[in-house]
Amino acid sequence: MKLLIVEDEQTLRSTIEKYFTEEGSVCEVAENLNTALKKIAVYEYDCILLDIGLPDGDGFAILEYLRSSGKNECVLIISARNSLDDKIKGLNIGADDYITKPFHLAELKARLMAIVRRKTFGSNSILNYNEISIDLLGRNVTVNDNMMVLTKKEYDMLLYFIANKGKVISKNAIAEHLWGDEMDMLDSFDFIYTHIKNLRKKLMELSGKDFFATIYGIGYKFA
Ligand code: CA
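The rules behind each value
Residues numbered from 1 in each chain as written. Predicted model: local features only at pLDDT ≥ 70, side-chain atom pairs only at ≥ 80, totals over all residues. Heavy atoms only, no water. Phe/Tyr/Trp six-rings, centres within 6.5 Å; stacked < 30°, edge-to-face > 60°. Helix = DSSP H or I, 4+ residues; strand = E, 2+ residues; numbered from the N terminus. Buried < 20%, exposed > 50% of the residue type's maximum accessible area, 1.4 Å probe, protein only. Lys NZ or Arg CZ within 6 Å of the ring centre and 35° of its normal. Donors = N, O, S within 2.8 Å, 3.2 Å for Na, K, Ca; no water. Contact = heavy atoms within 4.5 Å. Expected span 1.5 Å × (residues − 1). Pairing = 2+ DSSP bridges. Axes fitted to C-alpha atoms, helices over the stretch in contact; angles between N-to-C directions.

Aromatic ring pairs: the centre-centre distance and the angle between the two ring planes describe each pair. In this structure the tally under the stated criterion is nine aromatic pairs. When the centroid spacing of 4.9 Å and the interplanar angle of 85° are considered together, the rings of Phe-161 and Phe-212 count as edge-to-face. Of this pair, Phe-161 sits in helix H6 (residues 152-163) while Phe-212 is found in strand S13 (residues 212-215), placing the two residues 51 residues apart along the sequence. The residues Phe-161 and Phe-212 share a single accessibility class, namely buried. Taking the centre distance of 6.0 Å and the plane angle of 35° together, the rings of Phe-161 and Phe-222 count as tilted. Taken together, the positions of Phe-161 in helix H6 and Phe-222 in strand S14 (residues 219-222) put the pair 61 residues apart, joining distant regions of the chain. Overall, the relative accessible area of 0% leaves Phe-161 in the buried class. With a relative accessible area of 0%, Phe-222 lands in the buried category. Positioned above the aromatic ring of Tyr-45, the side-chain terminus of Lys-2 is 4.7 Å from the ring centre.

Next up on the list: the coordination of the calcium ion. Every protein donor of the calcium ion is listed here as Asp-8 (OD), Asp-51 (OD) and Gly-53 (O), and their distances to the metal cover 2.2 to 2.4 Å. Here the donor residues of the calcium ion are spaced in sequence according to D-x42-D-x1-G. Taken together, the residues Asp-8 in the loop between strand S1 (2-6) and helix H1 (10-22) and Gly-53 in strand S4 (residues 53-54) connect sequence positions 45 residues apart. A residue is classified by how much of its surface remains accessible, and Asp-8, at 32% relative accessible area, is partly exposed. Given the relative accessible area of 34%, Gly-53 is considered partly exposed.

The topology assignment puts Leu-178 in helix H7 (residues 171-179). Leu-178 gets classed as buried once you look at its relative accessible area, which sits at 2%. Through-space distance from the C-alpha of Leu-178 to that of Ile-192 is 9.5 Å; in sequence the pair is 14 residues apart. With residues up to four places along the chain from it excluded, the contact list for Leu-178 reads Val-26, Lys-153, Asp-156 and Met-157.

Taking 1.5 Å as the rise per residue, H6 with twelve residues should run 16 Å; its terminal C-alpha atoms sit 17 Å apart, in good agreement. Among the twelve residues in H6, nine count as buried, and that is most of the element. Taken as a whole, H6 has its buried residues at Glu-154, Tyr-155, Asp-156, Met-157, Leu-158, Leu-159, Tyr-160, Phe-161 and Ile-162.

Moving on: the sheet that holds strand S12 (residues 168-170). Taken together, the three strands give an open sheet; going across it, the order is S12-S14-S13, and neighbouring strands pair in antiparallel fashion. Each edge of the open sheet carries a strand with a single partner, namely S12 and S13. Across this sheet, the average inter-strand angle for adjacent strands is 30°, counted without regard to direction. Pairing between S12 and S14: three bridges, direction antiparallel. By the bridge assignment, Ile-169 is partnered in S14 with Tyr-220. Lying over the sheet, H7 contacts S12 and S14, oriented at roughly 65° with respect to S12. Docked against the sheet, helix H8 (residues 190-207) engages S13 and S14, running at close to 150° with respect to S13.

Encoded structure:
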């Protein structure tokens, strides 16, 4: 999962970043409104954790930007403000949920997983695609009722492909989704090819089918 953490309190920002990075997510951070808007304009995220009180403006501006540009990122507002007006305003202009500081990281994670799951795959925690069945809570994948053992990146990649089934996905989009800022340090996409090759092979072994089509010069299509 790829997250953007918009929070000006350095300690809280680092704590959240460390927690979700250890959980296997790709985290990017913004300490103010301007940086956050620049990142959102260029990159895509599964979820934005959004503080409302920022030094250079109001976090609501991000919700307004997302809505006006037709972007579909999940937004979980994290704010010290506990007024009902702010909660209602946030939810009205497109936030998916709202958590008030201070909070437990485990609760933040549970809320975040719930909204990402709901938005991406509907309310069901079991995702079925042909003979593939994914338990989104337990992160277990079965193919024709046989357990498929996947690495974290392969699992994230499979979910990403299923969420975008039938579309051509560029290598760049895959790299950005699964590696975030780190990909700037990688000078080739060979590593993506390796991950896809392994995932493809595991799926073929259990299903007898090849779900991936290579679109030369562009990327891949999952169908
Ligand atoms: Ca703040």
